[in-house]
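Each chain, letter by letter, is given below.
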Amino acid sequence: MTSTAEQATGSEQSEPVAGGGGTGGAGTGAIGGAGSGRPVRPGRGARRRSAVASRAPLVLLAPAAILLLALVVYPLVRLVVISFQDYGLRAIFTGQAGFAGVSNYTNVLTDASFWPVILRTVLVTGAMVLGTIVIGMGAAQLLTRLGVAMRTVVSVVLVLAWAMPNVASSLVWQWLFQPFYGVLNWLITQLRVFGDHTQDNWASHPGQAYTIVLTLVIWQAVPFVALTLYAAQSQIAPEYYEAGALDGASTWTMYRAITLPALAPTLLLVSILSVIWDFNVFNQIWLLTRGGPEEATLTLGIWTFVKSFVSNAYGQGAAIAVISTVILGALTSYYIRRLVRSGEEDL
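A brief report on the enclosed structure follows. Throughout this description, residue numbers start from 1 for each chain and increase along the sequence as written. This being a predicted model, a pLDDT of at least 70 is required before a residue's local features are given, and a value of 80 or more before pairs of side-chain atoms are given or counted; all residues contribute to the totals for chains, interfaces and linings. Neither water nor hydrogens contribute to the side-chain values; these are computed over all heavy atoms in the structure.

1. Some words on the overall build of the protein chain
Using the following cut-off: Only DSSP runs of H or I with at least four residues qualify as helices, and only runs of E with at least two residues qualify as strands; both kinds are numbered from the N terminus onward. Burial classes follow relative accessibility: with a 1.4 Å probe on protein chains only, a residue under 20% of its type's maximum area counts as buried, one over 50% as exposed, and anything between as partly exposed. The accessible surface values rely on the Shrake-Rupley method and a 1.4 Å probe; as for residues, cover is taken only from the protein chains in view.
Scanning the protein chain for helices and strands turns up 15 helices and two strands. Considering the protein chain as a whole, with its 347 residues, one finds that 33% of them fall into the buried category. Carbon and sulfur atoms form 67% of the exposed surface of the protein chain, whose accessible area is close to 21300 Å².

2. Remarks on the packing of helix H8 (residues 166-176) against helix H10 (residues 206-233)
Cut-off, in case you're wondering: Only C-alpha atoms enter the line fits that serve as axes; for helices the fit covers just the stretch in contact. Angles between N-to-C directions range over 0 to 180 degrees. Each angle gets one of four labels, with under 35 degrees taken as roughly parallel, over 145 as roughly antiparallel, 65 to 115 as roughly perpendicular, and the rest as oblique. The handedness criterion is simple: a crossing whose near helix is rotated anticlockwise from the far helix by less than a right angle is left-handed, and one whose near helix is rotated clockwise is right-handed. In this description, contact between two residues means that some pair of their heavy atoms is separated by no more than 4.5 Å. Classification used: nonpolar for Ala, Val, Leu, Ile, Met, Phe, Trp, Tyr, Cys and Pro, charged for Asp, Glu, Lys and Arg, polar for all others including Gly.
For the pair H8 and H10, interaxial distance at closest approach is 11 Å and the crossing angle is 140 degrees. Classified by the interaxial angle, the pair formed by H8 and H10 is oblique. For the pair H8 and H10, the sense of crossing is right-handed. Note on element contacts: H10 touches H8 through Ile212, Thr215, Leu216, Trp219 and Gln220, opposite Asn166, Ser169, Ser170 and Trp173. Grouping the amino acids of the contact of H8 with H10 by side-chain chemistry returns four nonpolar, five polar and no charged.

3. Quick word on the packing of helix H11 (residues 238-246) against helix H12 (residues 251-279)
Orientation of H11 relative to H12, taken along the N-to-C sense of each, is 150 degrees, at an axis distance of 11 Å. One finds that H11 runs roughly antiparallel with respect to H12. Seen from above, H11 lies across H12 with right-handed handedness. Residues Tyr240, Tyr241, Gly244 and Ala245 of H11 form the contact with H12, whose own contacting residues are Met254, Ile258 and Thr259.

4. Examining the packing of aromatic side chains
A ring pair, where both rings are aromatic, is described by two values, the distance of the centres and the angle of the planes. Our working rule: Between rings of Phe, Tyr and Trp, where Trp is taken as its six-membered ring, a pair exists when centres lie within 6.5 Å; planes separated by under 30 degrees are stacked, by over 60 edge-to-face, and by other angles tilted.
For the structure on display, the rule yields 15 aromatic pairs. Taking 5.5 Å as the distance between ring centres and 35 degrees as the angle between the ring planes, the aromatic pair formed by Trp162 and Phe224 counts as tilted. Of the two residues, Trp162 is situated in helix H7 (residues 148-163) and Phe224 in helix H10; the sequence distance between them amounts to 62 residues. Between Phe309 and Tyr314, the ring centres sit 5.7 Å apart and the planes meet at 80 degrees, which makes this aromatic pair edge-to-face. Owing to a relative accessible area of 54%, Phe309 belongs among the exposed residues under this scheme. Tyr314 sits in the buried class, given a relative accessible area of 15%. An aromatic cluster of at least three residues, connected via ring pairs, comprises Tyr87, Phe282, Trp286, Phe305, Phe309 and Tyr314.

5. Some words on the nonpolar core
Put simply, the test is: Throughout this description, the term nonpolar core refers to a set of buried Ala, Val, Leu, Ile, Met, Phe, Trp, Tyr and Cys residues connected via side-chain atoms within 4.5 Å.
Core analysis: the biggest nonpolar cluster contains 46 residues, and Val108, Ile133, Ile212, Val213, Leu300 and Trp303 have the highest contact counts within it. One finds Ile82, Tyr87, Ala91 and Ala318 within the second-largest nonpolar core, a separate group that totals five residues.

6. Topic: H8
Worth spelling out the cut-off: The arc under discussion is defined with respect to the helix axis, by the directions toward the C-beta atoms.
Within the span of H8, buried status applies to Ser169, Ser170 and Trp173. Burial along H8 is one-sided: seen end-on, the buried residues are contained in an arc of 105 degrees. Tucked inside the fold, the buried residues of H8 contact H10 and helix H13 (283-288).

7. A closer look at a nonpolar patch on the surface
Convention followed: Note on patches: the residues involved have over 30% relative accessible area and no salt bridge, like charges join within 9 Å, and the nonpolar side chains Val, Leu, Ile, Met, Phe, Trp and Tyr join within 5 Å. Criterion for a salt bridge: a side-chain nitrogen of Lys or Arg within 4 Å of a carboxyl oxygen of Asp or Glu.
The grouping of Leu67, Leu68, Leu69, Leu71, Val72, Val73, Val77 and Val81 at the surface amounts to a nonpolar patch, some 720 Å² of accessible area in total. Counting through the fold element by element, Leu71 comes out in helix H3 (residues 44-83). Judged by relative accessible area, Leu71 falls into the exposed class, the value being 63%.

8. Details of helix H9 (residues 183-191)
All of the buried residues along H9 are Asn185, Ile188 and Thr189. Buried residues of H9 fall within an arc of 100 degrees about the axis and therefore sit on the same side. Away from its buried face, by an angle of more than 90 degrees, H9 presents the exposed residues Trp186 and Leu191. On the buried face of H9, the contacting elements are H8. Of the residues trailing H9, Arg192 is marked for its positive phi of about 55 degrees.

This is the structure we're talking about:
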């Protein structure tokens, strides 16, 4: 039997736990406080650590946020402001520009070149993106069939082509298609099939001008698409292809039923990036054709430059740039929603 003294001692020892005080200390009191209905308050050290932890992401993101504000947000805001101003040569020297309202947008939208430039830009962008994706898919498929050594060589060549600055590659392209001394004209002439093309100026004919521009842009964009699709295609489990081979499926059937569905998210991503890049192509067109002949290759980017720095109508040039941004946002918003939706479905 338990004595009365032992029962009293046991009740005294358990009393601090139940009451949250006494010899239980701070930790015991906190446990008891939950049972007694009193709120649990963290100590100063815990609150300080929590505050530092909550500010850590902001501190880490601050450099990137500052760069975005300086290089993206401020120029975009400044562009919108200039598009509503009467900004010309006088404004550059005096620093003062009057408010023009929506007259810049009205002049741009009523310009005879506006709708042809819009249609031309959309068609050229579509041709560039389509050619880039198709050739990139073929190159990615080729990389999966090559051996290790040859695959390495092809990958290095693709990376070198992609890494070349577009200004340098445009100058090389200009040399290749140059009249009298151009390598391509010389090769065509040496074939003795199409006649003498030594003096052929590719930039003077609309069809040939588009040929040199499209081939240059696609040549520069294919490496990124090919390597990206190859990386995604290499992650497909080989068991799917083994099962298809056992079922007697052809190579094209397996590519259509296995490879394409697996590459769909990556294809959507590279398509979005290609649309953004090709819509804003400027250096290649300006260096090769300068928008000619007779405005045949005049796109929104070239038109913006001509309005701003040739006609000195900076307000109208800014308005065209704002309109280009809105159109590009509308073109890519659908693809971005599809990309986000496909990511949620994968989860």
